[in-house]
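Close look at the chain arrangement
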Amino acid sequence: MEKNLQEEFTPVVKFEPPLYKQRYQFVKDLVEKYKPKKVADLGCADCSLLWMLKFCSCIEVLAGLDICANVMREKMHTLSPLPVDYLQPSERSLTVTLHHGSVAHKDPCMLGFDLVTCIELIEHLEESELEKFPEVVFGFMAPSIVVISTPNSEFNSLLPRVMLYRHPDHKFEWSQAQFQSWALETARCYDYSVEFTGVGHPPTGMEKVGFCTQIGVFFRKYPQTGESVQSEKPMEAVYKTVFKAVYPSLKDEKYLQNAVINEVLFTAQIIKHRLMSKREEYSDEPETKSKFQSSMDCFSDYLEKLVVEKNMEPFVSGNEVYIPLTTIFSFPKVNRLCGTFEKLCKLIAGKVTLSSDGSAVMFNIEHENEEN
């Protein structure tokens with residue numbers, strides 16, 4: 001829930017990188033391994049973990065929940081799209097939402113997640129909240145994976161600045177045996193398995209003390225059915241949404257169309273430039289046409305060495321240059337964006353100047369020369 005400052009500054013044990021970063025990296029590694037699409041961070045605090053996870057390409061939905069709305073608001077702007085996200089939309093969709101509420105309450109907005117993280121959260125819960133926590137997370141939300149980290153009280157003797165607990169808001173801190181007992185019982189009740197690990201290694205010769213932060217990774221044994229989820233749904237939402245950001249995505253046809261138009265024009269301009277350069281180079285030679293065609297057989301590495309078939313040749317007619325759409329569609333990036341030739345034609349219709357039969361992008365050389 002917070003970066004415990006006592007953990008980071010101590011003359012006896014110093015963690016590098018800092019312990020909170022090790023916890024976040026643990027979650028990121030888990031995401032990269034299991035590729036969840038929907039991730040919720042309970043006790044998200046200043047949104048640092050969410051900010052790190054928004055760069056994981058597999059994630060399409062990120063949600064944060066915290067009991068303190070003001071803490072979320074301080075840094076929630078870091079979760080907003082940047083100008084570059086609009087200039088270069090991602091191929092994936094991404095929605096980030098922050099909710100104000102308690103982990104002791106059920107809300108339908110928290111259903112359907114693949115991974116739920118609870119990083120340094122449970123030790124902040126009152127006894128009544130801790131009693132409800134397993135039912136909310138494992139029974140109601142029932143994600144495929146749950147990650148819970150909490151301080152290991154056995155390590156506190158190595159942290160001289162810690163008097164009782166590592167943070168004044170902690171309600172308890174468990175030993176390894178206490179955490180494992182709670183975790184195993186929770187896993188048994190809700191049909192999960194659990195694996196124990198941690199971050200923050202003890203000094204050499206004191207391995208029995210265990211990790212400074214102990215971690216339990218829970219895996220749901222059986223898939224949850226849609227019927228069981230529906231039967232558990234509360235009638236009304238209890239969380240308040242304090243932030244929501246929908247990132248521009250190529251899955252949105254508006255952004256896809258802009259990307260395709262820009263790429264088509266960019267590709268056509270490069271082909272036209274090379275075409276005009278070769279035309280000028282061979283304009284005084286008797287075999288201009290054959291030499292020009294052979295010169296078009298191989299493009300630069302930037303154009304990925306695309307070999308253009310004869311029936312796809314760009315050509316000049318009077319003051320107009322024609323770049324066949326079939327040629328443009330053959331370029332990997334255009335092909336990947338559109339998927340089909342029909343999709344390409346649909347997306348650029350009315351947005352790009354085409355030949356009368358609609359088969360080629362058309363440029364007027366005379367107009368361009370006048371502008372120059």
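Residues numbered from 1 in each chain as written. Predicted model: local features only at pLDDT ≥ 70, side-chain atom pairs only at ≥ 80, totals over all residues. Heavy atoms only, no water.

The protein is annotated in an unreviewed UniProt entry as Small RNA 2'-O-methyltransferase of Prunella himalayana. Quoted verbatim from the Cofactor (unreviewed entry) field of UniProt, the annotation for the protein is "Mg(2+)". (UniProt positions renumbered as here; feature names shortened; annotations may be inferred.)

**Some thoughts on the sheet that holds strand β10 (residues 320–324)**
Strand order in the open sheet formed by 3 strands is β9-β10-β11, with antiparallel pairing between adjacent strands. This sheet does not close on itself; its edge strands, each paired only once, are β9 (315–317) and β11 (360–364). Neighbour-to-neighbour, the strand axes of this sheet turn through a mean angle of 25 degrees, independent of strand direction. In this structure, β10 lies alongside β11, joined through 5 bridges in antiparallel fashion. Residue pairing in the sheet places Pro 324 in a bridge with Ala 360 of β11. (Pairing = 2+ DSSP bridges. Helix = DSSP H or I, 4+ residues; strand = E, 2+ residues; numbered from the N terminus. Axes fitted to C-alpha atoms, helices over the stretch in contact; angles between N-to-C directions.)

**Considerations on the pattern of salt bridges**
This structure, assessed with the given rule, holds 8 salt bridges. Between Glu 135 and Lys 106 there is a salt bridge, and its shortest N-O distance comes to 3.3 Å. Here Glu 135, found in helix α6 (residues 127–141), pairs with Lys 106, found in the loop between β3 (95–100) and β4 (115–119); they are 29 residues apart in sequence, far enough to count as distant. A relative accessible area of 24% means that Glu 135 is categorised as partly exposed. Here Glu 253 makes a salt bridge to Lys 343, at a shortest N to O gap of 3.2 Å. Taken as a pair, Glu 253 in helix α9 (residues 253–281) and Lys 343 in helix α13 (residues 341–348) lie far apart in primary sequence, 90 residues in all. Judged by relative accessible area, which is 23%, Lys 343 ranks as partly exposed. (Salt bridge = Lys/Arg side-chain N within 4 Å of Asp/Glu carboxyl O. Buried < 20%, exposed > 50% of the residue type's maximum accessible area, 1.4 Å probe, protein only.)

**Re unusual backbone geometry**
Glu 16 connects to Pro 17 through a cis peptide bond whose omega is 0 degrees. Here Pro 17 shows up in the loop between α1 (5–8) and α2 (19–34). In this structure, Cys 47 takes a positive phi of about 70 degrees despite not being glycine. Take Cys 47: it is sitting in the loop between β1 (38–42) and α3 (48–53). The buried category is assigned to Cys 47, whose relative accessible area is 0%. For Asp 191, which is not glycine, the phi dihedral falls at a positive 60 degrees. Tracing the backbone shows Asp 191 in the loop between α7 (176–189) and β6 (192–199). Exposure remark for Asp 191: the relative accessible area of 40% places this residue in the partly exposed category.

**Describing the packing of aromatic side chains**
A complete count under the given rule lists 15 aromatic pairs for this structure. Geometrically, the ring pair formed by Phe 179 and Phe 196 is edge-to-face, given 5.9 Å between the ring centres and 75 degrees between the ring planes. Remark: Phe 196 occurs in strand β6 and Phe 179 occurs in helix α7; sequence separation between them is 17 residues. Phe 179 sits in the buried class, given a relative accessible area of 0%. For Phe 196, a relative accessible area of 31% translates into the label partly exposed. Over the face of the ring belonging to Phe 363 we find Lys 272, whose NZ or CZ atom lies 5.1 Å from the ring centre. (Phe/Tyr/Trp six-rings, centres within 6.5 Å; stacked < 30°, edge-to-face > 60°. Lys NZ or Arg CZ within 6 Å of the ring centre and 35° of its normal.)

**Considerations on the nonpolar core**
Of all hydrophobic cores here, the largest spans 43 residues; its most connected members are Leu 53, Ile 59, Leu 98 and Val 147. Of all elements in the fold, only α2, α3, β3, β4, β5 (145–151), β7 (213–220) and β8 (240–246) reach the threshold of two or more residues within this core. Setting aside residues up to four positions removed in sequence, Ile 59 forms contacts with Val 31, Pro 36, Lys 37, Val 39, Leu 53, Arg 92, Ser 93 and Leu 94. Ranked by size, the runner-up nonpolar core spans 32 residues in total, among them Phe 133, Trp 174, Ala 187 and Tyr 239. (Core = buried A, V, L, I, M, F, W, Y, C linked by side-chain atoms within 4.5 Å. Contact = heavy atoms within 4.5 Å.)

**Side note on the sheet that holds strand β2 (residues 61–66)**
Strand order in the open sheet made by the 8 strands is β6-β7-β5-β4-β1-β2-β3-β8, with mixed pairing throughout. Strand pairing shows two members of the sheet lacking a second neighbour, β6 and β8, which therefore form its edges. Recorded for the sheet is a direction-independent mean angle of 15 degrees between the axes of neighbouring strands. Relative to β6, α7 is tilted by about 155 degrees, and along the sheet it contacts β5, β6 and β7.

**Some remarks on α2**
Helix length check: α2, at 16 residues, gives a terminal C-alpha distance of 23 Å against a target of 22 Å (1.5 Å per residue), a fit within 8%. Leu 19, Tyr 20, Gln 22, Arg 23, Tyr 24, Phe 26, Val 27, Leu 30 and Val 31 are the residues of α2 that are buried. One or two residues past the end of α2 sits Lys 35, with phi positive at roughly 55 degrees. (Expected span 1.5 Å × (residues − 1).)

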